[in-house]
Amino acid sequence: MAIDDPVQGADTPGTGPATKKTSTKAGSKTGAKKAGTKADTKPGTAPATTWGAVRPLVLRLHFYAGLLIAPLLLIAATTGLLYSLSYQAEKIVYRQELRSPDSDRTAMLSQQVEAARAEHPDGKVTAVWPSSDDEESTRVLMTMPDSEESKSLAVFVDPHTAQIRGELESYGSSGALPLRAWISELHRHLHLGEPGRIYSETAASWLWVVALGGLLLWIGRRRTSKRALLRPERGATGRRRTLTRHGALGMWAATGFLLLSATGLTWSTYAGANIGAVQDQLGGATPVVSAELKSGSGAGAGSGEHEGHGGGDSGPGGDHEGMDIGIDNALTAARQAGLDGPVSVKPPAEGTAYVVAQRDNQFPVRLDSVSVDPGTGLILDELRFADYPLLAKLTRFGIDAHMGLTLGLVNQLLLAALALSLILIIVWGYRMWWQRRPTQDRKLGVGKPMARGAWRKVPLSVLLPLIAVAALVGWFVPLLGITLVAFLVLDVVLGAVARARARAGAAA
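Below is a short write-up of the structure.

Conventions and cut-offs
Residues numbered from 1 in each chain as written. Predicted model: local features only at pLDDT ≥ 70, side-chain atom pairs only at ≥ 80, totals over all residues. Heavy atoms only, no water. Axes fitted to C-alpha atoms, helices over the stretch in contact; angles between N-to-C directions. Helix = DSSP H or I, 4+ residues; strand = E, 2+ residues; numbered from the N terminus. Parallel < 35°, antiparallel > 145°, perpendicular 65-115°, else oblique. Contact = heavy atoms within 4.5 Å. Nonpolar A, V, L, I, M, F, W, Y, C, P; charged D, E, K, R; others polar. Expected span 1.5 Å × (residues − 1). Bend = angle between axes of the 7 residues up to and from the residue. Salt bridge = Lys/Arg side-chain N within 4 Å of Asp/Glu carboxyl O. Buried < 20%, exposed > 50% of the residue type's maximum accessible area, 1.4 Å probe, protein only. Phe/Tyr/Trp six-rings, centres within 6.5 Å; stacked < 30°, edge-to-face > 60°. Lys NZ or Arg CZ within 6 Å of the ring centre and 35° of its normal.

Regarding the packing of helix α3 (residues 50-93) against helix α14 (residues 478-507)
And then number 1: Two elements in contact, α3 and α14, have axes separated by 11 Å at closest approach and are oriented at 105°. Taken together, the axis directions place α3 and α14 in an arrangement best described as roughly perpendicular. Across the interface between the two elements, Arg60, Leu61, Tyr64, Ala65, Leu68 and Ile69 from α3 touch Leu484, Phe487, Leu490, Asp491 and Leu494 from α14.
And then number 2: A breakdown of the residues in the contact of α3 with α14 according to their chemical character gives nine nonpolar, no polar and two charged.

In structure tokens, the structure reads:
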């Protein structure tokens, strides 16, 4: 998020006091001619190095992106920091509901579900999270007549006594409770609904661009020691100290920023739709276990493959039609099929089976799922995470890591460190911008960006591919493309205004 040039003085052609001091001697026509030749470099005229030509363009883009997008990134980083800490806060705030006293007794899961139904007879049970240890409550998720989309009522039941321990609103598949859900919505759309998601998608769209630009500028900076890449310069003061802190921390955090940007875009509104379409085209869509009951298809037809997981030879449409083995037997069948650890049980609806799915996102993940015939207890279909397409696995890992689930507490602490790093980098970027302001005449002002016309110094062999890539990325990540065009229009307008003022001053 740097909003300043990471190179000072002679390393920064065209900006700052160092450029103003550079001049030829009075009366030296040769020197003036040479200087003019460099300044008037046209597209296609290769400079000393490709990076030397591209660097001013990267610097100007980095400056404007950091200046105009940094506020959005600052909001995203601050809310993301809060979200990374919300998992542990949730365990403390809702301990009464989440935990139950240990006991030698264990109530049947069906009794626990009935206790929740008795508490809310107008609710519809959509999923049950059985207790996975002796001190964890069972969570019964219900949709109420007034439930909002993606939200449900979580009724917490003591697995030993089937007594209600409390109830809370639950959000999404991760089962976020009110505190984490509120912070999550603040991070995703500032509680403004779908229109508010434009802010978070714009931030995610630009994060990787600003991070890569800053990385290139920092690596390309002249230095006497490679160690200076990774640590601030000792003894530095003023703007240089701010710069080295900004650059060194950005070097450490750049990979994390790129991953956050990529995973954040996967479920964004516009770029996310494009990513999903490409993923589907490449055969990387996330598969779903089949829960459909086919009339007349005997459950025993698949008994050779799933032997021992059910009983009886008749399937739906046979002697067992209309029967329900119950949630306890469905869970037992799933456990026998190898689904250990925390699971979610989805009760059957008309024409569907029980669906039991593992919900352990921590690495190594346990995310297998099976469907259980409610009439016979046979396994109708099973889906192993090991059989997911590679792209689906990577998407799952990426999203869970972004949410702080993959590595549990370690993951959440890493996210907090990345969010704090982003906040510091943004603050130091604005500080550099302020420190580079003109102070000779004591006027209020701020640092200036790289001079206009940087693209003219880029060889055509490099410029044309850059334009093509920018157009392709801008189409694929729409909010990046739209804001980039807005930056260019703003720059053209400001340039026209500056030229008009210069002409008016000369005429006066």
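The discussion continues.
Notes on helix α7 (residues 197-219)
And then number 1: The end-to-end C-alpha distance of α7, which contains 23 residues, comes to 33 Å, matching closely the 33 Å that a straight helix rising 1.5 Å per residue would cover.
And then number 2: At Trp206, α7 shows its strongest bend, of approximately 30°.

Observations concerning the environment of Thr202
And then number 1: By secondary structure assignment, the location of Thr202 is in helix α7.
And then number 2: Along the primary structure Thr202 and Leu479 are separated by 277 residues, whereas in three dimensions their C-alpha atoms are 5.7 Å apart.

Section: the pattern of salt bridges
Where charged atoms from two side chains of opposite charge approach closely, those side chains can pair.
And then number 1: Applying the stated rule across the entire model yields 15 salt bridges.
And then number 2: Here Asp340 and Arg366 are joined by a salt bridge, their closest N and O atoms 3.5 Å apart. Of this pair, Asp340 sits in the loop between α10 (327-336) and β5 (343-346) while Arg366 sits in the loop between β6 (354-358) and β7 (369-372), and the two are 26 residues apart along the sequence.
And then number 3: Judged by its relative accessible area of 30%, Arg366 falls in the partly exposed class.

Quick word on the packing of aromatic side chains
And then number 1: By the definition in use, this model includes eight aromatic pairs.
And then number 2: A ring pair is formed by Phe385 and Tyr388, whose centres lie 4.7 Å apart and whose planes are at 50°; its orientation type is tilted.
And then number 3: With relative accessibility at 12%, the residue Tyr388 sits in the buried group.
And then number 4: Ring pairs connect the aromatic residues Phe363, Phe385, Tyr388 and Phe397, which therefore count as one cluster.
And then number 5: Taking the ring centre of Trp218 as reference, the NZ or CZ of Arg223 above it sits at 4.7 Å.

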